[in-house]
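Results of the structural survey
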Amino acid sequence: MIQLYYSPGTACLAPHFLLEELGLAYELVLVDTSKQQHQTEAYLKLNPKGKIPLLIDQNNADLSLTESAAICLYLAEKYATHATNAANAHFNPAPASLQRAQLYQWMMYLSNTLQAELLSYFYPERLCDDADSAAQVKTHAEERVAQMLTYIDTQLSHSGGDFLLGVDISIADLFLFMLCRWTRGMQKPARAYPQLAGYLERMFNRPSIQNSFAQEGISAPYY
Ligand SMILES: N[C@@H](CCC(=O)N[C@@H](CS)C(=O)NCC(=O)O)C(=O)O
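Computed from a prediction, not measured in an experiment: that's the story for all the values here.

What counts, and where the lines are drawn
Residues numbered from 1 in each chain as written. Predicted model: local features only at pLDDT ≥ 70, side-chain atom pairs only at ≥ 80, totals over all residues. Heavy atoms only, no water. Domains from an automatic or database assignment. Contact = heavy atoms within 4.5 Å. Buried area = accessible area lost by both parts, 1.4 Å probe. Salt bridge = Lys/Arg side-chain N within 4 Å of Asp/Glu carboxyl O. Polar contact = N/O pair within 3.5 Å; in protein donor to acceptor, adjacent residues only side chain to side chain. Helix = DSSP H or I, 4+ residues; strand = E, 2+ residues; numbered from the N terminus. Pairing = 2+ DSSP bridges. Axes fitted to C-alpha atoms, helices over the stretch in contact; angles between N-to-C directions. UniProt positions renumbered as here; feature names shortened; annotations may be inferred. Patch = residues over 30% accessible without salt bridge, like charges linked within 9 Å, V, L, I, M, F, W, Y side chains within 5 Å. Areas by Shrake-Rupley, 256 points an atom, 1.4 Å probe, with all protein chains shown as cover. Buried < 20%, exposed > 50% of the residue type's maximum accessible area, 1.4 Å probe, protein only. Near = heavy atom within 4 Å. 1 Å grid on protein atoms, 1.4 Å probe; cavity = no way out; pocket = protein on both sides within 12 Å on 5 of 7 lines; lining within 4 Å. Points joined across faces, edges and corners; volume = space filled by probe spheres on them. Nonpolar A, V, L, I, M, F, W, Y, C, P; charged D, E, K, R; others polar.

So, about the domain arrangement of the protein. Per the domain assignment, the segments of the protein are domain 1 (2-91) and domain 2 (98-206). Contacts between the two partners involve 17 residues from domain 1 and, on the opposite side, 18 residues from domain 2. Both faces considered, domain 1 and domain 2 share a buried interface measuring about 1,400 Å² in area, 72% of it formed by carbon and sulfur atoms. The interface formed by domain 1 and domain 2 holds two salt bridges in total. Seen at the junction of domain 1 and domain 2, the total is three residue pairs in polar contact (both at pLDDT 80 or more). Among the secondary structure elements, those contributing two or more residues to the side of domain 1 that touches domain 2 are helix 1 (13-21) and helix 3 (68-79). Ranked by the residues each element gives to the side of domain 1 that touches domain 2, the list is headed by helix 3, at six residues.

Listed below in structure tokens is the structure:
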């Protein structure tokens, strides 16, 4: 069995979407950050970072993994091969292929640039000492996120298909949908960009995303 430790709507979403896409058997374990359950002694023993998500793969010697992007890369590599899951093998492009290189490029960009900026937007008080400075940090983070969304929107129009890598969906799309959802309270949310508007609607209609939202108890507005 695979266990995903989650708190609704957090960085657990991308791995959750992927578990659904791949049709794997898994168990969700709730660690509610709004109740500080990620800071309990029991959870910190499992994940000393005190962050969500955490994946434990009992099919693979109880492998324990954090970092949402790393979990997605691991799950795709382990469970989306032609040998075991041919219908979903596009989630695991061949090593050194153009698709894999582009996948790495997107995953690095999304996790260390857009996701990092979103963390500044949501937790500005962690970066400064007073409320006025925190408000400024938040405003600047939102401006930088807007620049990134403009870049992503343009790239989508050149991808050659419905997804970031072109014709086939990849883990980068699942990750991007999660991050775009987090912009829904911004002055110009991701859904307001011309390419992203249709892209997010298509992604939202996938059963993997519908099921994950239902299981995590997430309600409208979804993105
Ligand atoms: N880089 C990490 C970020 C993990 C992270 O910051 N998760 C948030 C939820 S989205 C969290 O656990 N926040 C609780 C806190 O920082 O106290 C990842 O992608 O997994």
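Once that is clear, we can look at the sheet that holds strand 4 (residues 63-66). The strand order across the open sheet built from four strands is 2-1-3-4, with neighbouring strands paired in mixed fashion. Both outer strands of the open sheet, strand 2 (26-30) and strand 4, are each paired with one neighbouring strand and no more. Neighbour to neighbour, the strand axes of the sheet diverge by 20° on average, direction disregarded. The pairing of strand 3 (residues 54-57) with strand 4 spans four bridges and is antiparallel. Paired with Leu54 across the two strands is Thr66, which belongs to strand 4.

With that settled, the discussion passes to the UniProt feature "domain: GST C-terminal" (unreviewed entry) in the protein. The residues that UniProt annotates with the feature "domain: GST C-terminal" (unreviewed entry) are residues 96-223. End C-alpha atoms of residues 96-223 are separated by 34 Å, and the span's content is 66% helix alongside 0% strand.

What follows covers a nonpolar patch on the surface. On the surface, Leu119, Phe122 and Tyr123 cluster together into a nonpolar patch covering about 260 Å² of accessible area. Among the secondary structure elements, Leu119 is positioned in helix 5 (residues 98-122).

By the criterion of burial, helix 7 (residues 171-181) is predominantly enclosed, with 11 of the 11 residues buried. All of the buried residues in helix 7 are Ile171, Ala172, Asp173, Leu174, Phe175, Leu176, Phe177, Met178, Leu179, Cys180 and Arg181. Turning to helix 7, the residues buried within the fold contact helix 1, helix 3, helix 5, helix 6 (131-157), helix 8 (194-204) and helix 9 (207-216). Between a side-chain oxygen at the N-terminus of helix 7 and the backbone nitrogen of Ala172 the separation is 3.1 Å; the capping residue is Ser170.

Right, let's get into the site of the ligand. What surrounds the ligand is the set Thr10, Ala11, His38, Lys51, Ile52, Pro53, Glu67, Ser68, Gln115, Tyr123 and Arg126. One of the side-chain N or O atoms of Tyr123 is found 3.3 Å from a nitrogen atom in the ligand. Coverage of the ligand by the protein chains reaches 86% of its 510 Å² of free accessible surface. In terms of domain composition, the shell around the ligand takes at least three residues from each of domain 1 (2-91) and domain 2 (98-206).

Moving on: the layout of surface pockets. Roughly 880 Å³ of internal volume is contained in the largest pocket. Looking at the largest pocket, it is lined by 30 residues, and the ones nearest its centre are Ala11, Ile52, Leu119, Tyr123 and Trp182. Those elements that provide at least two residues to the lining of the largest pocket are helix 3 and helix 5. No other element matches helix 5, which puts six residues into the lining of the largest pocket. Classifying every residue of the lining of the largest pocket by side-chain character gives 11 nonpolar, 13 polar and six charged. Both domains that furnish three or more residues to the lining of the largest pocket are identified here as domain 1 (2-91) and domain 2 (98-206).

As a further point, take the UniProt feature "domain: GST N-terminal" (unreviewed entry) in the protein. Mapped onto this numbering, the UniProt entry annotates "domain: GST N-terminal" (unreviewed entry) at residues 1-83. Secondary structure content for residues 1-83 is 35% helix and 22% strand, while the C-alpha to C-alpha distance between its ends is 20 Å.

Turning next to the side chain of Ser159. Relative to the helices and strands, Ser159 resides in the loop between helix 6 and helix 7. Note on Ser159: relative accessible area 17%, which makes it buried. Here the side chain of Ser159 touches Gly161 through a polar contact of 3.1 Å, landing on its backbone oxygen. Side-chain polar atoms of Ser159 contact the backbone oxygen of Phe163, separated by 2.7 Å. Once residues within four sequence positions are removed from consideration, Ser159 is found in contact with Leu164, Leu165 and Gly166.

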